[in-house]
Amino acid sequence: MKKNLSKHKVLILGASGFIGNAIYKELGPYFKTFGTYRTPKKEFENNKQFFQYNLEEDDVYEILEATRPSIIISTLRGDFHAQTIAHQHVAEYALDSGSKIIFLSSANAFDAYSKYPSYELDKTLSHSIYGHFKIKIENMLLRLPKTQVAILRLPMVFGTNCPRIQEIKQLIADDASVEIFPNLIMNVTLDKKVTQQVHYIINRNKYGIFHLGSTDLVHHDEFVKHILDIITEKKVLLKHVYTTNEDRYLAVLPKFNKLPKHLQITSDKVLEELQK
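Cut-offs applied
Residues numbered from 1 in each chain as written. Predicted model: local features only at pLDDT ≥ 70, side-chain atom pairs only at ≥ 80, totals over all residues. Heavy atoms only, no water. Salt bridge = Lys/Arg side-chain N within 4 Å of Asp/Glu carboxyl O. Helix = DSSP H or I, 4+ residues; strand = E, 2+ residues; numbered from the N terminus. Buried < 20%, exposed > 50% of the residue type's maximum accessible area, 1.4 Å probe, protein only. Contact = heavy atoms within 4.5 Å. Pairing = 2+ DSSP bridges. Axes fitted to C-alpha atoms, helices over the stretch in contact; angles between N-to-C directions. Patch = residues over 30% accessible without salt bridge, like charges linked within 9 Å, V, L, I, M, F, W, Y side chains within 5 Å. Areas by Shrake-Rupley, 256 points an atom, 1.4 Å probe, with all protein chains shown as cover. Lys, Arg positive; Asp, Glu negative; His and termini not counted. Charge placed at Lys NZ, Arg CZ, Asp CG, Glu CD. Arc of directions from axis to C-beta.

Student: Would you explain the pattern of salt bridges in this entry?
Tutor: According to the stated counting rule, one finds nine salt bridges in the structure shown. Two residues, E56 and R38, come together in a salt bridge whose shortest N-O distance is 2.6 Å. Of this pair, E56 sits in the loop between strand 3 (50–52) and helix 4 (60–67) while R38 sits in the loop between strand 2 (32–37) and helix 3 (42–45), placing them 18 residues apart in sequence. The exposure class assigned to E56 is partly exposed, which follows from its relative accessible area of 40%. Residue class for R38 comes out partly exposed when judged on its relative accessible area of 37%. As a salt-bridge pair, R68 and E65 come within 2.8 Å of each other at their nearest N and O atoms. Judged by its relative accessible area of 45%, R68 is partly exposed. What makes E65 partly exposed here is its relative accessible area of 36%.

Student: Help me understand the side chain of T189 in this model?
Tutor: Inspection of the secondary structure puts T189 in strand 10 (residues 188–190). Discounting residues that sit within four places of it in the chain, T189 has contacts with P155, M156, V157, F158, V194, L212, I265 and V270.

Student: Help me out: how do you make sense of the sheet that holds strand 6 (residues 149–154) in this one?
Tutor: In a beta sheet, neighbouring strands pair by backbone hydrogen bonds and run either parallel or antiparallel. Strand order in the open sheet formed by seven strands is 3-2-1-4-5-6-11, and the pairing between neighbours is parallel. The open sheet has two edge strands with one neighbour each: strand 3 and strand 11 (208–211). Each strand axis lies, on average, 20° off the axis of its neighbour in the sheet, ignoring direction. Sheet contacts for helix 6 (residues 129–141): strand 5 (100–106) and strand 6; angle to strand 5, the most-contacted strand, approximately 160°.

Student: Hey, could you run me through a negative patch on the surface in this one?
Tutor: A cluster of acidic side chains, namely E57, D58, D59 and E62, defines a negative patch on the protein surface. Turning to its location among the elements, D59 is positioned in the loop between strand 3 and helix 4. You can call D59 partly exposed: its relative accessible area is 32%.

Student: For this particular structure, what's the right way to read helix 10 (residues 267–275)?
Tutor: The periodicity of an α-helix, 3.6 residues per turn, causes residues three or four places apart in sequence to face the same way. Within helix 10, the full set of buried residues consists of S267, V270, L271, E273 and L274. Buried residues along helix 10 cover an arc of 160° about the axis, so they all sit on one side. Exposed residues on helix 10 whose side chains face more than 90 degrees from its buried face are D268 and Q275. Against strand 7 (156–158), helix 7 (163–173), strand 10, helix 8 (191–203), strand 12 (218–219) and helix 9 (220–231) lie the buried residues of helix 10.

Okay, structure coming up:
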């Protein structure tokens, strides 16, 4: 299995971030895998597979030319305008080279629809700047030949030391309140599961739009309370935020592009993993 897969060269844009780094660790043993990092850090500087890349100042084309990837995974974060230009260059490179792009998008591509969960072929519509931006990149990439693009829409992603949990721990340490959204119905996932799903999509040469949220839905306030029970014994101040009087959905569920059972996940599994 390992041998015939080594034909792929993978470039992860944003490989120093939470999800990008998890994907790098998953794919590294199987493919020639390169990554970009923004902030200088010893472990990245010493890793010959990593390139320093400042979104606002550097041209991604130089890294594409240096690595010649057959698969480009974008987990970039940062200035939206600079990201748009970077993705334009990535799309042009893919068109010329036949490379495949795996773009990590977000449930926020649907944050204007609040009455029900969203499926892969639903029309995207967002009220947030972040959601707007994700839709813009999605639409740009969907103009490429369809077998060259996989769009992965993610819900909230958790993991043992993920930024969200670190932020909650910091709020607890500061005796500050943790925000909960009682009317928000969402789904969740784990960094580990996302990396396995990406690996599968590469192995099986899958393309199209994938919704990678848990198979079940949870209320934001209940889920956060479960997390608090796991990470602290302190009584935590909760700030209830009501954006609407009715239940509001921000959930991405698969209907057409379902992955095999072992690659699906439930919210209980996410909590279980956080307890380890």
